[in-house]
Amino acid sequence: MQHTGTSYQDKVNYFLEQRRIAVSGLSRNKDSGAGAIYLKLRNHGYQVYPIHPSAETLHGDQCYPNVSAIPGGVDALFVMNSPEVTEQVVNEAVKLGIKHVWMHDNTLMPSSVSKAAVENCRLHGVNVIDVGCPMMFVEPDIAHKCFRWIANLKGRLN
């Protein structure tokens, strides 16, 4: 299903309708941004799979070195890596037929967005989100409600 031309909110809804989500970019430091997103999704009933090239477990769950290693695959991928790593992870996801990809981007942290990865997603009919993060939508705390409001005010959520 092609999701180009749909609204930002529609893209978010399509992504959050998926139940099996890989999260790339987790750190061995439990205070990482990707770790917080991983825990938020897990605590809200999603089946989440942490991706880390060398960790065996993170947050008490088995970790996978890449998306291909996840038994049964996933429906969606959230990425919070450097743009170079994002490009590699998204290339793998596209080859696996994953149709929902969210690349973390906000104004307070370095962006995970790779323009080449976004284009790759669009070329393959992937629902791609290249701004914001799920924390702005999955029972957001006051800070993430503010981030969402500011991003909307700036026209970034169109």
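Rules used throughout
Residues numbered from 1 in each chain as written. Predicted model: local features only at pLDDT ≥ 70, side-chain atom pairs only at ≥ 80, totals over all residues. Heavy atoms only, no water. Helix = DSSP H or I, 4+ residues; strand = E, 2+ residues; numbered from the N terminus. Rg over C-alpha atoms; globule rule 2.2 N^0.38 Å. Contact = heavy atoms within 4.5 Å. Lys, Arg positive; Asp, Glu negative; His and termini not counted. Charge placed at Lys NZ, Arg CZ, Asp CG, Glu CD. Buried < 20%, exposed > 50% of the residue type's maximum accessible area, 1.4 Å probe, protein only. Arc of directions from axis to C-beta. Patch = residues over 30% accessible without salt bridge, like charges linked within 9 Å, V, L, I, M, F, W, Y side chains within 5 Å. Areas by Shrake-Rupley, 256 points an atom, 1.4 Å probe, with all protein chains shown as cover. Salt bridge = Lys/Arg side-chain N within 4 Å of Asp/Glu carboxyl O. Pairing = 2+ DSSP bridges. Axes fitted to C-alpha atoms, helices over the stretch in contact; angles between N-to-C directions.

### Considerations on the overall build of the chain
Here is step 1: Looking only at helices and strands, one finds 5 helices and 7 strands in the chain.
Here is step 2: Secondary structure of the chain in N-to-C order comes out as α-β-α-β-β-β-β-α-β-α-β-α.
Here is step 3: Against the globule reference of 15 Å for 158 residues, the chain gives a C-alpha radius of gyration of 14 Å, in line with a compact fold.
Here is step 4: In the chain, once contacts between residues fewer than 6 apart in sequence are set aside, the share between residues at least 24 apart is 66%.
Here is step 5: Taken as two groups, the 15 positive and 14 negative side-chain charges of the chain have centres that lie 3 Å from each other.

### Some words on helix 1 (residues 8-16)
Here is step 1: By the burial criterion, the buried members of helix 1 are Y8, K11, V12, F15 and L16. All buried residues of helix 1 project into a common sector of 125° when viewed along the axis, lining one side.

### Things to note about a nonpolar patch on the surface
Here is step 1: Judged by side-chain polarity, W149, I150 and L153 come together as a nonpolar surface patch covering roughly 360 Å² of accessible area.
Here is step 2: Mapped onto the secondary structure, L153 falls in helix 5 (residues 142-153).

### Quick notes on the sheet that holds strand 6 (residues 100-103)
Here is step 1: Across the sheet, 5 strands lie side by side as 2-1-5-6-7; this open sheet has parallel pairing. On the outer flanks of this sheet lie strand 2 (47-51) and strand 7 (127-129), each paired with one strand and no other. Strand-to-strand, the axes of this sheet are offset by a mean angle of 15°, without reference to chain direction.
Here is step 2: Pairing of strand 1 (residues 20-24) with strand 5 (residues 76-79) involves 4 bridges; the strand directions are parallel. In the strand pairing of strand 5, V23 is matched with F78.
Here is step 3: Strand contacts of helix 1: strand 1, strand 5, strand 6 and strand 7, with the helix running at about 110° to strand 7, the strand carrying the most contacts.
Here is step 4: Along the sheet face, helix 4 (residues 115-123) touches strand 6 and strand 7 and points at about 160° away from the line of strand 6.

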